[in-house]
Amino acid sequence: MKINIYLLLQRLSLLLASVLLVLFIWGGNQPEAAGLLQAPWDKLAHLSWFAVLAGLLDFGLSLLARAPVALFCLGVAMWDEWRQLTLPGRSADFADLLFDGLGILAGLLIAQWIGKRLFSLLSS
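Residues numbered from 1 in each chain as written. Predicted model: local features only at pLDDT ≥ 70, side-chain atom pairs only at ≥ 80, totals over all residues. Heavy atoms only, no water.

A look at the nonpolar core
Now for step 1: With 16 residues, the main nonpolar core has W49, F50, L53 and C73 as its most contacted residues.
Now for step 2: Here this core takes six residues from helix 2 (residues 41-61), the largest share from any one element.
Now for step 3: Dropping the residues within four chain positions of it, L53 is found in contact with A17, L20, L21 and C73. (Core = buried A, V, L, I, M, F, W, Y, C linked by side-chain atoms within 4.5 Å. Buried < 20%, exposed > 50% of the residue type's maximum accessible area, 1.4 Å probe, protein only. Helix = DSSP H or I, 4+ residues; strand = E, 2+ residues; numbered from the N terminus. Contact = heavy atoms within 4.5 Å.)

In structure tokens, the structure reads:
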């Protein structure tokens, strides 16, 4: 029974990651997105968003190798910076990409830590 709860939480995390991605794509194309957050808060938003995305995907997929999740998230980050080149009022920024990468790393580490503790709690 407890393992079923763990699997349910994994599927829920994948659903949340999917919703997060859809909102990211839709919201990033809105004109209001330009200048929404000013420095340094925009860097914190990049770090936080990618930490949550990477954490949800890592926990949901429960991969032993975290490279596929990291590469996917990095691909989303690079695509986003490229997309910003085509949007009025927005521009690509290497610092944003750096904070995206830091967020991905943080999300993977946090998901690994939480996943281990949650699994041991639910399997005992």
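As for helix 4 (residues 94-123)
Now for step 1: The end-to-end C-alpha distance of helix 4, which contains 30 residues, comes to 43 Å, matching closely the 44 Å that a straight helix rising 1.5 Å per residue would cover.
Now for step 2: Those residues of helix 4 that sit buried are D96, D100, G103, I104, G107, L108, A111, G115 and L122.
Now for step 3: Its side-chain oxygen 3.1 Å from the backbone nitrogen of A95, D93 forms the N-cap of helix 4. (Expected span 1.5 Å × (residues − 1). Polar contact = N/O pair within 3.5 Å; in protein donor to acceptor, adjacent residues only side chain to side chain.)

Structural notes on the packing of aromatic side chains
Now for step 1: One pass over the structure, following the stated rule, counts four aromatic pairs.
Now for step 2: Considering the side-chain rings of Y6 and F59, the 5.3 Å spacing of their centres and the 75 degrees angle between planes classify their relative orientation as edge-to-face. Of this pair, Y6 sits in helix 1 (residues 2-28) while F59 sits in helix 2, placing them 53 residues apart in sequence.
Now for step 3: What makes F59 buried here is its relative accessible area of 13%.
Now for step 4: Arranged with centres 6.1 Å apart and planes meeting at 80 degrees, the rings of F24 and F50 form a pair that is edge-to-face. Here F24 is found in helix 1, whereas its partner F50 is found in helix 2, with 26 residues between them in sequence.
Now for step 5: When its relative accessible area of 16% is taken as the criterion, F24 is described as buried.
Now for step 6: By the ring-pair criterion, three or more aromatic residues cluster together here, those being F24, W49 and F50.
Now for step 7: Sitting over the face of the ring of F24, R83 holds its NZ or CZ atom 5.4 Å from the ring centroid. (Phe/Tyr/Trp six-rings, centres within 6.5 Å; stacked < 30°, edge-to-face > 60°. Lys NZ or Arg CZ within 6 Å of the ring centre and 35° of its normal.)

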